[in-house]
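# Residue-level structure breakdown
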Amino acid sequence: MKVKVISILEDNYMYLVIEEQSKRAIAVDPAVPHRLLEIVKREGLSLTAVLTTHHHWDHARGNEALVKDVPGLQVYGGDDRIGGLTDKVTNAQELKFGTINVRCLFTPCHTSGHMCYFVWEDECSDAPAVFTGDTLFIGGCGKFLEGTAEQMYHNLTQVLGSLPQDTKIFCGHEYTIKNLKFAMLVEPENEKVKEMLNWAKARDDDDKPTVPSTLMEEFEYNPFLRLSEEGVQKFTGKTDPIEVLRVLRKEKDKFKKPKERLPPHAMLALEWGLLRP
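What you see is a predicted model; the values in this text were computed from it and never measured.

Cut-offs and rules
- Residues numbered from 1 in each chain as written.
- Predicted model: local features only at pLDDT ≥ 70, side-chain atom pairs only at ≥ 80, totals over all residues.
- Heavy atoms only, no water.
- Helix = DSSP H or I, 4+ residues; strand = E, 2+ residues; numbered from the N terminus.
- Buried < 20%, exposed > 50% of the residue type's maximum accessible area, 1.4 Å probe, protein only.
- Lys, Arg positive; Asp, Glu negative; His and termini not counted.
- Salt bridge = Lys/Arg side-chain N within 4 Å of Asp/Glu carboxyl O.
- Polar contact = N/O pair within 3.5 Å; in protein donor to acceptor, adjacent residues only side chain to side chain.
- Axes fitted to C-alpha atoms, helices over the stretch in contact; angles between N-to-C directions.
- Parallel < 35°, antiparallel > 145°, perpendicular 65-115°, else oblique.
- Contact = heavy atoms within 4.5 Å.
- Nonpolar A, V, L, I, M, F, W, Y, C, P; charged D, E, K, R; others polar.
- Patch = residues over 30% accessible without salt bridge, like charges linked within 9 Å, V, L, I, M, F, W, Y side chains within 5 Å.
- Areas by Shrake-Rupley, 256 points an atom, 1.4 Å probe, with all protein chains shown as cover.
- Charge placed at Lys NZ, Arg CZ, Asp CG, Glu CD.
- Core = buried A, V, L, I, M, F, W, Y, C linked by side-chain atoms within 4.5 Å.
- Arc of directions from axis to C-beta.
- Pairing = 2+ DSSP bridges.
- Phe/Tyr/Trp six-rings, centres within 6.5 Å; stacked < 30°, edge-to-face > 60°.

On to the side chain of D29, then. Considering the arrangement of structural elements, one finds D29 in the loop between β3 (24–28) and α1 (33–42). For the buried residue D29, which engages in no salt bridge, the nearest side chain bearing the opposite charge is R61, 12 Å off. Within the local environment of D29, its side chain forms a polar contact with the side chain of T53, the two groups lying 2.7 Å apart.

Laid out in structure tokens, this is it:
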């Protein structure tokens, strides 16, 4: 099983999960359908299914076009608001595509119908993968747009946190540097955070993605998975893990990276009224 990471839009990821022997592929959150189909054609693949984590446009907007362009394509998701949906899935439902297995993991909070997908291949020694959409990020977690801290706690600890430790994390956005800057604020003495932040900056300089991480690594530097750690509790002033998570998310929502100064031509355009601030 091969996972192809495809950067799209401003900071999104879509993915192709490829069964290498048969050249069949499953797309995850293919929000730029023409680009996906170009890659499928170039690599000689057959697109058989789409897994959609949630209904937001930057994850699901390509579904309807793909259904039109690819006869018989199945689009899976856990929310009726997902465009092009052909098969609604439920928690713990398992799907099979040749030798590739998918377990659907219901993770409501960012949206009420959010689904993550745990994927592994039969008789393969490669580590499994989980596609976490906007629930779990490298070094962070998603905003609680349609849910509660209690729900996200369950998602992070019971649903995702209980997966095999070597599971590869493929998330929906490239937020790693900003997430790790916040993690540094929470745990300034955590050497693993410092190490990871330096690595992520180097990847960014080379225009390379920071995905995937592993679940084991996330437990070392992601404050949203370190709710019982003394430093994280000290930062939040709470000890109950759900309350720690609630405060962490509120603080992260307020956390902003320093604004970058616009280039001179953009500043002139602003002054002349050609751009809106």
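Moving on, we get to the packing of helix α4 (residues 149–160) against helix α9 (residues 241–254). A pair of packed helices is characterised by two quantities: the angle between their axes and the separation of those axes. As a packed pair, α4 and α9 sit with axes 9 Å apart at the nearest point and diverge in direction by 105°. By the criterion of interaxial angle, the relationship of α4 to α9 is roughly perpendicular. Contacts from A149, E150, M152, Y153 and L156 in α4 reach P241, I242, L245 and R246 in α9. Residue classes in the contact of α4 with α9 are distributed as 7 nonpolar, no polar and 2 charged.

Taken together, the side chains of D204, D205, D206 and D207 define an acidic patch exposed on the protein surface. Turning to its location among the elements, D207 is positioned in the loop between α6 (191–205) and β14 (213–214). Exposure remark for D207: the relative accessible area of 72% places this residue in the exposed category.

Before going further, it helps to spend a moment on the nonpolar core. Y15, V17, L51, L95, Y117, V119 and F131 are the most contacted members of the largest nonpolar core, which has 33 residues in total. At 4 residues, α6 tops the list of elements feeding residues into this core. Judged by nonpolar contacts, the second largest core, of 26 residues, contains L105, V159, L163 and V232.

Turning to α4, its buried residues are A149, M152, N155, L156, V159 and L160. Along the long axis of α4, the arc covered by the buried residues comes to 165°, so they all point the same way.

To continue, consider the pairing of strand β5 (residues 74–77). Bridge analysis of strand β4 (residues 46–51) against β5 gives 3 bridges, and the strand direction is parallel. By the bridge assignment for β5, A49 is matched with Q74. Note that β5 and strand β6 (residues 87–88) share 2 bridges and pair parallel. Looking at the pairing, G77 lines up with K88 of β6.

It is worth spelling out the packing of aromatic side chains at this point. For the structure on display, the rule yields 10 aromatic pairs. Plain terms: the ring middles of F182 and F224 are 6.3 Å apart, the flat faces sit at 25° to each other, and that makes the pair stacked. With F182 in helix α5 (residues 176–186) and F224 in the loop between α7 (215–221) and α8 (230–236), this pair connects stretches of sequence that are 42 residues apart. Each of the two residues, F182 as well as F224, counts as buried. An aromatic cluster is defined as three or more aromatic residues linked by ring pairs; in this entry it consists of Y13, Y15, F131 and F170.

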